Amino acid sequence: MKRMGKVILIILGVLIVLFIAAMLFFKSYLNLNIKELSPNEKMLNGNTDKKALVLYQKSKHDTATNITMALAEELNQNGYTVVINHPSSELNYNVDDYDLLVFGSAVYMGTISGPLQKYMNNAPLEGKDVIVYSVGGSLDEKQELELLKGKASRAKSVKGIKVSKGQEEVIKSFIEKCINK
């Protein structure tokens, strides 16, 4: 009997350790969409007067960055000067200086970037053309895309797409359709 009690205690101890490890793992992913990143502006100079502002929350494994850069390159190839950055309370962009506003976020456990939502809530989007995109594993789950569209509902037009890893060509095609309407 004493031996059986020790086995039960060991099993219980292992389960507690596994539970704590799982909680820490999930917390680390959720923090990615809560943490405000430092501004890190990149610019692609275009060959027309058209300008686009692209704000996105990066993902843990660069998927959102890869998608964002493909999107920005497509805009740039269509003449846009593209400013790319992370949403931050430190930003002071005048959205009136841009013809197109683009907002994107990685999705973790159904959540999108808190800093991006805050930026969109405070930005004067009225009269602007807006594109939103979410980057996540399950393309069937689109509630976070609808949330982003809702945050941009004050805009003149809002288009959105959800993509996942390796879909750079999909986002490029979507962008081309949006800007060559």
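The structure presented is a predicted model; accordingly, all values stated were derived computationally and were not measured. (Residues numbered from 1 in each chain as written. Predicted model: local features only at pLDDT ≥ 70, side-chain atom pairs only at ≥ 80, totals over all residues. Heavy atoms only, no water.)

Some details on the pairing of strand β5 (residues 129-135)
The buried fraction of β5 is high, at seven of seven residues. With burial as the criterion, each face of β5 is covered, one bearing D129, I131, Y133 and V135 and the other bearing V130, V132 and S134. One ladder, built from seven bridges, connects strand β4 (residues 100-106) with β5; its direction is parallel. Residue pairing across strands places A106 opposite V135, the latter belonging to β5. Handedness of the β4-helix α3 (residues 114-122)-β5 crossover: right-handed. Here β5 pairs with strand β6 (residues 157-163) via seven bridges, running parallel. Each bridged residue has a counterpart across the sheet, and for Y133 the counterpart in β6 is I161. (Buried < 20%, exposed > 50% of the residue type's maximum accessible area, 1.4 Å probe, protein only. Helix = DSSP H or I, 4+ residues; strand = E, 2+ residues; numbered from the N terminus. Pairing = 2+ DSSP bridges. Right-handed = clockwise from strand over helix to strand, strands pointing away.)

Some words on the nonpolar core
L75, Y133 and I171 are the most contacted members of the largest nonpolar core, which totals 26 residues. The biggest single contributor to this core is helix α2 (residues 63-77), with six residues. Residues contacting I171, with those up to four places away along its chain left out, are I67, A70, L71, Y133, I161 and V163. Within the second largest apolar cluster, 22 residues are counted, among which are V83, V95, M120 and L148. (Core = buried A, V, L, I, M, F, W, Y, C linked by side-chain atoms within 4.5 Å. Contact = heavy atoms within 4.5 Å.)

Here's the deal with the pairing of β4
Where burial is concerned, most of β4 is hidden: seven out of the seven residues are buried. On β4, burial covers both faces: L100, V102, G104 and A106 on one face and L101, F103 and S105 on the other are all buried. As paired strands, strand β2 (residues 51-57) and β4 are joined by six bridges and run parallel to one another. What sits directly across from Q57, in β4, is S105.

Some remarks on the sheet that holds β6
If you trace the six strands from one edge of the open sheet to the other, you get β1-β3-β2-β4-β5-β6, paired in mixed fashion. For this open sheet the edge positions go to β1 (42-44) and β6, each flanked by a neighbour on one side alone. Strand-to-strand twist in this sheet, taken as the mean axis angle between neighbours without regard to direction, amounts to 15°. Sitting on the sheet, helix α4 (residues 143-151) is in contact with β5 and β6, with an inclination near 155° to β5. Packed onto the sheet, helix α5 (residues 168-179) meets β4, β5 and β6 and runs at close to 170° relative to β6. (Axes fitted to C-alpha atoms, helices over the stretch in contact; angles between N-to-C directions.)

A word on the packing of α2 against α5
As a packed pair, α2 and α5 sit with axes 9 Å apart at the nearest point and diverge in direction by 35°. The way α2 lies across α5 gives a crossing that is right-handed. Only E168, I171, K172, I175, E176 and I179 of α5 make contact with α2, whose side of the interface consists of N66, I67, A70, L71, E74 and L75. Here the residues of the contact of α2 with α5 are counted per class, giving seven nonpolar, one polar and four charged. (Left-handed = near helix turned anticlockwise from the far one by under 90°. Nonpolar A, V, L, I, M, F, W, Y, C, P; charged D, E, K, R; others polar.)

Remarks on the packing of aromatic side chains
Applying the stated rule across the entire model yields two aromatic pairs. Between F103 and Y119, the ring centres sit 6.3 Å apart and the planes meet at 50°, which makes this aromatic pair tilted. With F103 in strand β4 and Y119 in helix α3, this pair connects stretches of sequence that are 16 residues apart. (Phe/Tyr/Trp six-rings, centres within 6.5 Å; stacked < 30°, edge-to-face > 60°.)

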